[in-house]
Amino acid sequence: QGAPIRLFVMGKNQWRDEYEWPLARTQFTTYYLHSSGSANTLYGDGMLTLSKPGEETPDHYSYDPLNPCPSSTGEPLRSLMQDQRILQKRDDVLVYTMPAVEKETEITGPIYAELYASSSALDTDFVARVSIVHRDGYNWKLGAKLVRARYRNGEKAEALVPGQIYKFRIEAANTSIVLQPGETIRLDVTSALYPDADRNMNTFGRIGFDSAEDAVVAHQTIYHDAEHPSALIL
């Protein structure tokens, strides 16, 4: 009957037969989030490295449901090739970038973000958006997913304790791509994918039924230290 998986490898433009997912030969590699507390926007100091964090200042941003980070850059003709730098200029987007690869590197399989985060709200969302950074800086998305904090433990809705740190695991993408020397991976963290996903009004009310008057601004904190090693797993 043939292989159960027919895989297209971007960057090589090749089809390939595979027999399981993730691939049995996968070497999951953990890149840890780092900054001095100023990872906001493309111009911040957020990094992804193989070194585990020690004592580091967490990153902060405010999520306003009335001004949510959009899921689209406003370039509809580019479809999946939209330049994510447009969104990365927002102050409510934290940006972490890996060092450029020095040799051809294949990334095939699921990509996970593990975020240690707290919020001032009773409920909120956390978004992990993963993208490729080309040598000229052009930046296009591999995938983006959110976790709704009330469902962090499953189908039962549970409010957050404001200020308490929780671990969120987000499967941001499933992909197969070969990076060329000079290219790299970037992680954005924010709290909305609007309008692809309903805005979380941060109230713990019924999603889609809260009005704009009910909206609460959530003050978010992303931790990356020895006790809270937020990471991107490739």
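Look up: the structure comes first, before these words.
Let me sum up the structure you'll find in this document. (Residues numbered from 1 in each chain as written. Predicted model: local features only at pLDDT ≥ 70, side-chain atom pairs only at ≥ 80, totals over all residues. Heavy atoms only, no water.)

## Thoughts on the side chain of Asp 125
Then step 1. With respect to the helices and strands, Asp 125 occurs in strand 8 (residues 125–133).
Then step 2. Among the residues examined, Asp 125 registers a relative accessible area of 1% and is labelled buried.
Then step 3. Separated by 2.5 Å, the side chains of Asp 125 and Arg 148 make a polar contact.
Then step 4. Filtering out sequence-adjacent residues up to four positions away, Asp 125 remains in contact with Leu 146, Val 147, Arg 148, Ala 149, Thr 190, Ser 191, Asp 198, Asn 200 and Gln 220. (Helix = DSSP H or I, 4+ residues; strand = E, 2+ residues; numbered from the N terminus. Buried < 20%, exposed > 50% of the residue type's maximum accessible area, 1.4 Å probe, protein only. Polar contact = N/O pair within 3.5 Å; in protein donor to acceptor, adjacent residues only side chain to side chain. Contact = heavy atoms within 4.5 Å.)

## What to know about unusual backbone geometry
Then step 1. At the junction of Trp 21 and Pro 22, the peptide bond is cis and its omega measures out at -5° in the coordinates.
Then step 2. Here the amide bond leading from Tyr 194 into Pro 195 is cis, since omega sits at 10°, within 30 degrees of zero.
Then step 3. Inspection of the secondary structure puts Pro 195 in the loop between strand 11 (184–190) and strand 12 (218–223).
Then step 4. Located in the positive-phi region is Thr 41, a residue other than glycine, with phi close to 70°.
Then step 5. Inspection of the secondary structure puts Thr 41 in the loop between strand 3 (30–34) and strand 4 (47–49).

## Some remarks on the pairing of strand 11
Note on strand geometry: in a regular strand, side chains alternate between the two faces of the sheet.
Then step 1. Where burial is concerned, most of strand 11 is hidden: seven out of the seven residues are buried.
Then step 2. Here strand 11 shows two buried faces, one formed by Thr 184, Arg 186, Asp 188 and Thr 190 and the other by Ile 185, Leu 187 and Val 189.
Then step 3. Pairing analysis gives four bridges linking strand 6 (residues 94–97) to strand 11, with the strands arranged antiparallel. Counterpart to Val 95 in the pairing with strand 11 is Asp 188.
Then step 4. Pairing between strand 8 and strand 11: seven bridges, direction antiparallel. Note on strand 11: the bridge partner recorded for Ala 128 is Val 189. (Pairing = 2+ DSSP bridges.)

## Comments concerning the pattern of salt bridges
Then step 1. The tally for this structure, following the rule as stated, stands at twelve salt bridges.
Then step 2. Notably, a salt bridge pairs Arg 150 with Asp 123, separated by 2.7 Å at the nearest N-O pair. Residue Arg 150 is located in the loop between strand 9 (139–148) and strand 10 (166–179), and its partner Asp 123 is located in the loop between strand 7 (105–119) and strand 8; the two are separated by 27 residues in the primary sequence.
Then step 3. According to the relative accessible area criterion, Arg 150 is buried, its value standing at 6%.
Then step 4. We classify Asp 123 as buried; its relative accessible area is 0%.
Then step 5. Between Asp 125 and Arg 148 there is a salt bridge; the shortest N-O distance is 2.5 Å. Here Asp 125, found in strand 8, pairs with Arg 148, found in strand 9; they are 23 residues apart in sequence, far enough to count as distant. Here Asp 125 and Arg 148 have matching classes, each one buried.
Then step 6. One continuous salt-bridge network, built from bridges that share partners, spans Arg 16, Glu 18, Arg 25 and Glu 106. (Salt bridge = Lys/Arg side-chain N within 4 Å of Asp/Glu carboxyl O.)

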